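# Observations on the three-dimensional arrangement
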Amino acid sequence: MEDFKQTLVKNGFKGELDDSPEAKEKYSHDASMFELRPKLVIKPLDSADVQTAVKLVAQLKRKDHSLSLTARSAGTDMAGGAINESVIVDFNAHLNKVEKVTPTEAQTQPGVFYRDFEKETLKHGALMLSYPASRELCTVGGMVANNSGGEKSLEYGKVKDFVNELKVVFADGNEYTIKPLKGEELKKKLAQTDYEGKIYNRIYDLCEKHYDEIKEAKPHVSKNSMGYTLWEVWDRETGVFDLTKLIVGSEGTLGFVTDIKYRLVPHRAHSGLLVLFLKNIDELGELVPKILEHKPATFESFDDATLWLSIRFMPSFLKLLGVKRFIHLLITLIPDGLQLLRGIPKLILMVEFNGETEEEVRDKVHGLHRDLKHLRARYEINGFEEDPTEGKSEKFWIMRRYSFQLLRSKVKDKHTAPYIDDFAVAPEHLAVFLPQLQKIIKKYKLFATIAGHMGDGNFHVIPLMKIEDPKERKKIEPSQHEVNELVLKYDGTLSGEHNDGLVRGPWLKAQFGTKITGLFREVKDIFDPENIFNPHKKSDASWSYSYSHIRDHF
Ligand SMILES: Cc1cc2nc3c(=O)[nH]c(=O)nc-3n(C[C@H](O)[C@H](O)[C@H](O)COP(=O)(O)OP(=O)(O)OC[C@H]3O[C@@H](n4cnc5c(N)ncnc54)[C@H](O)[C@@H]3O)c2cc1C
């Protein structure tokens, strides 16, 4: 590593190099349950620094095969995607400027926090609406690499649907601009005989040769972050060839993103929420399709365990929210507290509609309310005040959004163990799927909540565990197997938005089969034959490696 450090400096690397014990400790974790201790952390000042680092690793790798680079932005990855035993490249330290914003597009460096990016886009009355629940903590570059999604994805899609153009440093250490190409532009690119042309040609040939199998491999759910999104790269009908679809969601295993152009949509100021309290999960079978017919902007849910957790750890909300918002939460909770005396609902569903005007939102909410009247669920209509989603309905959003964060922070002697944290099954299966899921959670006595994006059938089950206790630790593998097999039985995906990382990479074969996993391997070999970028993730993952790096202390 000393060799690499010295060569970096000699070759004009301008950023910082840090191999202090503190840096190694800090960067050995993300929000996952894994631990990998890096040997060096580098903080590039600009894209030229990133290119220098990649070029030098490519050269020195012949001498030291273990040398590799893993990108890291805010480190909120739940799957272990942002950690590595060699060199971490921190994009958050300096590559953190929003460059240009118009009402329809924003150009930004990858290390910008989403919260800062949003402030800039809102100045133009526009938003990039595939922000995750970690919107206050994560960066726009991490969101690209994970193909993140969130509460607005039901209506607007995922990050892949918002990326117009990317700058990416490939394994030859040069930066390339990638965007959707067709017609003459595509022909010209395919005619290039240089490094870039070769990548385009080989990926194009791979997509053409296995066209039908690749299209069929697309998981039968509305969101997916498993594998490489090969099925969206080449479309014979439209003639569009789009490499951004391969880079988005690739976890920094194919190259490093140095610049992003995001499509923006107008901010719709008005919204209203319909909240449903379900005593019986069986009702989901009829409810979910009916609600989806009304095309809500958001359709979220949380379970009775989340509700209990919120009540039990109420003081922690005080810390998270501050005194003013906490008191507001308590006051608005009183009517619901009284309602709860009549019985705890099994599931709370939150259906949100957006619109240009208050009237439009009112019509949408009342339309759904009318259609659901014959069902036994209790309804509550919130909203239609000046700022409805942050007004009366805030309590529900707090429980849905912050309970996740609450789980993440150490609660007593337990810690979050995200290993069944992100599966998705088509909503029509939920009425039969969810009771079976609950049975597994009960069987292993997991202290876990079920919250997620009901409209996409995407749930975040994150057990609280004392992971260093061998008895608790022993539950991880068998319970993960049972849940994952159940998800696959209902034709779902093991990751809707959090990506494969160390925790799901070894499941790619079970998810996609041998043939498609082989094609993923080919994709990796085309982009990164020397395995410079983020080893042990995606097609390079293995059970033995991942499971030997589960944390044994916190
Ligand atoms: C409380 C909590 C809630 C969450 N909720 C959601 C949610 O609702 N939806 C969701 O999708 N995710 C969610 N996540 C997961 C995570 O926050 C997101 O995936 C987020 O987008 C990651 O951003 P980050 O900046 O932290 O990236 P990091 O964790 O730093 O990195 C994520 C991945 O991107 C790669 N990477 C980072 N920068 C680059 C780059 N410049 N070029 C190439 N690769 C790069 C890393 O190597 C890693 O594989 C949640 C996490 C937490 C802790």
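Throughout, a residue's number is its position along its own chain's written sequence, starting from 1. Owing to the predicted nature of the model, reporting of local features is limited to residues with pLDDT of at least 70; listing and counting of side-chain atom pairs is limited to 80 or more, with chain, interface and lining totals taken over all residues. Neither water nor hydrogens contribute to the side-chain values; these are computed over all heavy atoms in the structure.

The subject of this paragraph is the overall build of the protein chain. A count of helices and strands for the protein chain gives 22 helices and 21 strands. Whether a residue is buried, partly exposed or exposed follows from its accessible area with a 1.4 Å probe, protein chains only, as a fraction of its type maximum: under 20%, in between, or over 50%, in that order. Relative to its full complement of 554 residues, the protein chain shows a buried share of 60%. The criterion used for residue contact is that any of the two residues' heavy atoms lie within 4.5 Å. For the protein chain, the share of sequence-separated contacts (at least 6 apart) that also reach a separation of at least 24 residues comes to 74%. When the accessible surface of the protein chain is totalled, it reaches about 22200 Å², and 52% of it is carbon and sulfur. Helix and strand labels come from DSSP, where a helix needs a run of H or I of at least four residues and a strand needs a run of E of at least two; each type is numbered from the N terminus. Only the protein chains shown count as covering a residue, and every accessible area follows the Shrake-Rupley method with a 1.4 Å probe.

Moving on, we get to the packing of helix α11 (residues 284-293) against helix α15 (residues 358-372). What counts as an axis is a line fitted to C-alpha atoms, over the stretch in contact for a helix, and the angles between N-to-C directions run from 0 to 180 degrees. The N-to-C vectors of α11 and α15 enclose an angle of 150 degrees; their axes lie 10 Å apart at closest approach. On the basis of their axis angle, the class for α11 and α15 is roughly antiparallel. Handedness of the crossing formed by α11 with α15: right-handed. From α11, Leu287, Lys290 and Ile291 reach across to α15, where they touch Leu368, Asp371 and Leu372. Put simply, Ala, Val, Leu, Ile, Met, Phe, Trp, Tyr, Cys and Pro go in the nonpolar bin, Asp, Glu, Lys and Arg in the charged bin, and everything else, Gly too, in the polar bin. Residue classes in the contact of α11 with α15 are distributed as four nonpolar, no polar and two charged. In what follows, roughly perpendicular refers to angles from 65 to 115 degrees, roughly parallel to angles under 35, roughly antiparallel to angles over 145, and oblique to any angle outside these ranges. Note on convention: near helix rotated counterclockwise from far helix by under a right angle means a left-handed crossing. Clockwise means right-handed.

With that settled, consider the sheet that holds strand β5 (residues 98-101). Only strands joined by at least two bridges in the DSSP assignment are considered to pair. The antiparallel open sheet is built from five strands, whose spatial order is β5-β6-β12-β8-β9. Edge positions in the open sheet fall to β5 and β9 (175-178), since each of these has one partner strand only. Neighbouring strand axes in the sheet, compared pairwise and without regard to direction, differ in orientation by 15 degrees on average. On the sheet, helix α4 (residues 114-122) packs against β5, β6 (105-108) and β12 (256-263) and is oriented at approximately 25 degrees with respect to β5.

The local shell around the ligand holds 35 residues, among which Ala71, Ser73, Thr76, Ser134 and Thr139 are the closest. Here a polar contact is taken to be a pair of N or O atoms separated by no more than 3.5 Å, where protein atoms must pair a possible hydrogen donor with a possible acceptor and residues adjacent in sequence count only if both atoms sit in side chains. Within the contact set of the ligand, an oxygen atom lies 3.4 Å away from a backbone nitrogen or oxygen of Met143. Interatomic distance of 3.0 Å between a backbone N/O atom of Val257 and a nitrogen atom of the ligand. For the ligand, whose unbound accessible area comes to 970 Å², protein coverage reaches 99%. For the shell around the ligand, the secondary-structure elements that each account for two or more residues are β3 (69-72), α5 (140-146), β12 and α16 (394-408). At four residues, the largest contribution of residues to the shell around the ligand is made by α5. Proximity is defined per residue: any heavy atom of the residue falling within 4 Å of a molecule or strand makes that residue near it.

Turning our eyes to something else, we now look at the pairing of strand β4 (residues 87-90). Residues Val87 and Val89 of β4 are buried on one face, and the alternating residues Ile88 and Asp90, pointing to the opposite face, are buried as well. Taken together, the four bridges between β3 and β4 define a ladder with parallel strand orientation. Among the inter-strand pairings, Leu69 is bridged to a residue of β4, identified as Val87.

Let's shift gears to the packing of helix α1 (residues 2-10) against helix α3 (residues 47-60). Running from amino to carboxyl end, α1 crosses α3 at an angle of 135 degrees, the nearest separation of the two axes being 10 Å. Between α1 and α3, the angle falls in the class oblique. In this structure, α1 crosses over α3, and the sense of that crossing is right-handed. Each of Phe4, Thr7 and Leu8 in α1 lies in contact with α3, whose residues at this interface are Thr52, Ala53, Leu56, Val57 and Leu60. Looking at the contact of α1 with α3 residue by residue, the class counts come to six nonpolar, two polar and no charged.

Right, let's get into α11. When α11 is considered as a whole, its buried residues turn out to be Leu284, Leu287, Val288 and Ile291. Looking straight down α11, one finds that the buried residues subtend no more than 95 degrees of arc, so they occupy a single side. Looking at the buried residues of α11, the elements they touch are β14 (270-278), β15 (298-303), β16 (347-355), α15 and α17 (430-443). Lys295 occupies a position one or two residues after α11 and carries a positive phi of about 50 degrees. Think of the arc as the fan of directions from the helix axis to the C-beta atoms.

Computed from the structure, the second largest pocket encloses a volume of approximately 320 Å³. Only protein atoms enter the 1 Å grid used here. Points where a 1.4 Å probe fits but cannot escape make up a cavity, open sets with protein on both sides within 12 Å along at least five of seven lines make up a pocket, and a residue lines them when an atom lies within 4 Å of a point. Residue lining of the second largest pocket: 13 residues in total, with Asp304, Gln438, Ile441, Lys442 and Ala448 positioned closest to the centre. If you list the elements that add at least two residues to the lining of the second largest pocket, you get α12 (304-312) and α17. Here the lining of the second largest pocket takes five residues from α17, the largest share from any one element. In terms of residue class, the lining of the second largest pocket is built from seven nonpolar, one polar and five charged. Grid points are joined across faces, edges and corners, and a volume is the space filled by probe spheres set on the points.

This next bit is on the pattern of salt bridges. Salt bridges are defined by distance alone: a side-chain nitrogen of Lys or Arg within 4 Å of a carboxyl oxygen of Asp or Glu. This model, assessed by the stated rule, comprises 33 salt bridges. Its salt-bridge partner being Glu118, residue Arg135 comes within 3.0 Å of it at the nearest N-O pair. Within this pair, whereas Arg135 is found in the loop between β7 (126-127) and α5, its partner Glu118 is found in helix α4, the two being separated by 17 residues in sequence. Side by side, Arg135 and Glu118 carry an identical accessibility label, which is buried. With its nearest N and O atoms 3.0 Å apart, the salt bridge here joins Arg236 to Glu208. Within this pair, whereas Arg236 is found in the loop between β10 (234-235) and β11 (240-241), its partner Glu208 is found in helix α8 (residues 195-209), the two being separated by 28 residues in sequence. Among the ionic contacts, a cluster of salt bridges with common partners joins Glu2, Lys5 and Asp19.

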